[in-house]
Amino acid sequence: MAYYRRVGDVPPKRHTQFRRPDGRLYSEELMGEEGFSSDSSLLYHREIPSAITDARAWELPDQSTRPNHPLRPFHLRLHDLFAGDGDDAAWRGADVVQGRRLVLGNADVRISYAVGDSPSPCYRNAIGDEVVYVEDGLATVETVFGAIEARAGDFVVLPRTTVHRWVPRDVDRVGPLRAYCLEAGSHVAPPRRYLSRFGQLLEHSPYCERDLHGPDQPLLVEGTDVEVLTKHRGPGPGGVAGSIVVHACHPFDVVGWDGCLYPYTFNVSDFEPITGRVHQPPPVHQVFEGTNFVVCAFVPRKVDYHPLAVPVPYYHSNVDSDEVMFYVAGDYEARRGSGIGVGSVSLHPGGHSHGPQPGAVERALGKDYFDELAVMVDTFRPLELGEGGAAVDDGAYAWSWAGRRSGGDR
């Protein structure tokens, strides 16, 4: 995202002396992508960011996956992962970093779900960027770049290796923080077709730079021997491992920074839907892209206005993709009769022709507005089922188009 931002104090010229009031030099850190050849930011620390005093293993939640075999579509009820209410609710005392449960994953993206009411430890993902969709709740996301406020509907985009922590707010009033977490194996950015050759969002883009909200001021936190939970490539399931790295001084000691690489939020309510006289394909709903996957948002919108339009999707075979839909709010015309509702995830794998449930096409005729909100991830390599997904599989969705199941083992 080539959108320049400056926060706090920086010197007039990069890579030049910049001194503290006591005369000591600040420590300049370049955080950049693709080996000095892509977006970057320069951060100025009070202390040395490389100074660590210890490192030990972090035992991650179960990261194993199993293939989708025999092949079938799935309906996963995510809200059942953190069921309960009151003092005995499963999310009491949990945080949205350590409490993540893996739903689906492959080498390009891992999809987890977490609910919590407690602040997380400091955390960094050294494998790839993270995009966390806030399903519900409020939080302050404290980062090495400063703090950003997150609310329901926000995509929180966190560049690879950004040290950050999640602090839920007003839990008694708005409930716990519910987070749908996309952990990429790459960088994540707006779709290239919406960017100029210099990185500006173009006029036909469904959102613009004014809709992106980054940190406004440094945090300037003091502290010593600060533990940072670090997810990185290693010997664990799926090549994912965890370490607890202890920093001599708090990573949030940055007095200022500038550049084009930093965390930001984008609220789904600021996405301007692209519509047409006849049904538009999913790429018009795209918000972000990573290597071998895309992220889309289906928002409330006026739908197809040809007099003979069929508003719900046609049956389709995504021959190169697995399609994952997270249903956040509203009514889902194409899925009526399937048991899918708010908090559901559907997986339609490549090799399965999918589309509206029986009767949905006729029921939708004449409708000119869809009140629905969903986040979609399309991957270009098959997704496997994580322990969280397996725990909340409804077991029946695959047969919902036929209304029955005939023989065979699951």
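Residues numbered from 1 in each chain as written. Predicted model: local features only at pLDDT ≥ 70, side-chain atom pairs only at ≥ 80, totals over all residues. Heavy atoms only, no water.

Asks: Go over the sheet that holds strand β25 (residues 344-348), please, and point to the residues and values.
Replies: Whether parallel or antiparallel, the strands of a sheet pair through hydrogen bonds between backbone atoms. On the basis of which strands lie adjacent, the open sheet formed by six strands has the order β6-β25-β24-β27-β22-β21 and antiparallel pairing. If you trace the sheet from one side to the other, it starts and ends with β6 (74-77) and β21 (286-290), each paired once. Averaged over all pairs of adjacent strands, the angle between their axes in this sheet comes to 15 degrees, without regard to strand direction. The pairing of strand β24 (residues 322-330) with strand β27 (residues 372-379) spans eight bridges and is antiparallel. Bridge pairing in β27 links V324 to V377. (Pairing = 2+ DSSP bridges. Helix = DSSP H or I, 4+ residues; strand = E, 2+ residues; numbered from the N terminus. Axes fitted to C-alpha atoms, helices over the stretch in contact; angles between N-to-C directions.)

Asks: Residue-level account of the nonpolar core, with values.
Replies: Core analysis: the biggest nonpolar cluster contains 61 residues, and L78, F155, Y180 and F288 have the highest contact counts within it. No other element matches strand β8 (residues 109-116), which puts four residues into this core. Within the second largest apolar cluster, 22 residues are counted, among which are A114, V132, L158 and L229. (Core = buried A, V, L, I, M, F, W, Y, C linked by side-chain atoms within 4.5 Å. Buried < 20%, exposed > 50% of the residue type's maximum accessible area, 1.4 Å probe, protein only.)

Asks: I'd like a rundown of the pattern of salt bridges, residues and numbers included.
Replies: When the charged atoms of two side chains lie near each other, side chains of opposite charge can form a pair. Taken as a whole and judged by the stated rule, the model has 20 salt bridges. One salt bridge in this structure joins E47 and R20, with 3.4 Å as the shortest N-O distance. One end of the pair, E47, is in the loop between β3 (40-45) and β4 (52-57); the other, R20, is in the loop between β1 (5-8) and β2 (27-32), and 27 residues separate them in sequence. Two residues, R100 and E183, come together in a salt bridge whose shortest N-O distance is 2.8 Å. Here E183 lies in strand β15 (residues 177-184) and R100 lies in the loop between β6 and β7 (101-105), a separation of 83 residues in the sequence. We classify E183 as buried; its relative accessible area is 5%. Taken together, the salt bridges that share partners define one network made up of R20, D22, R24 and E47. (Salt bridge = Lys/Arg side-chain N within 4 Å of Asp/Glu carboxyl O.)

Asks: Kindly report on the side chain of T230, identifying the contributing residues and their values.
Replies: With respect to the helices and strands, T230 occurs in strand β17 (residues 224-233). Classification of T230 as buried rests on a relative accessible area of 7%. Within polar-contact distance, the side chain of T230 engages the backbone oxygen of V228 at 3.3 Å. Beyond its immediate sequence surroundings of up to four residues, T230 is in contact with W58, R124, A126, A241, G242, S243 and V245. (Polar contact = N/O pair within 3.5 Å; in protein donor to acceptor, adjacent residues only side chain to side chain. Contact = heavy atoms within 4.5 Å.)

Asks: Mind laying out unusual backbone geometry, listing which residues take part and the relevant values?
Replies: Of the consecutive residues H69 and P70, the connecting peptide bond is found in the cis state with omega at -5 degrees. The topology assignment puts P70 in the loop between β5 (65-66) and β6. Unlike most non-glycine residues, D225 shows phi in positive territory, near 50 degrees. You can see D225 is positioned in strand β17. Despite not being glycine, N292 has its phi angle at roughly 70 degrees, a positive value.

Asks: Account for the sheet that holds strand β10 (residues 130-136), with residues named and values stated.
Replies: Here nine strands make up an open sheet; going across it, the order is β5-β28-β7-β8-β15-β10-β13-β20-β16 and the pairing antiparallel. The sheet terminates laterally at β5 and β16 (212-213), the two strands that pair on one side only. In this sheet, strand β13 (residues 154-158) lies alongside β10 in antiparallel orientation, the contact comprising four bridges. Bridge assignment links E130 to a residue of β13, and that residue is L158.

Asks: So what's going on with the side chain of R5? Which residues, and what values?
Replies: With respect to the helices and strands, R5 occurs in strand β1. Looking at R5, its side chain comes within polar contact range of the main-chain oxygen of P215, at 2.8 Å. Polar side-chain contacts of R5 include one of 2.7 Å to the side chain of D216. Non-local contacts of R5, meaning those with residues more than four positions away in its chain, are made with G214, P215, D216, W257, D258, G259 and Y262.

Interpretation note: all reported values are geometric properties and have no functional meaning in isolation.
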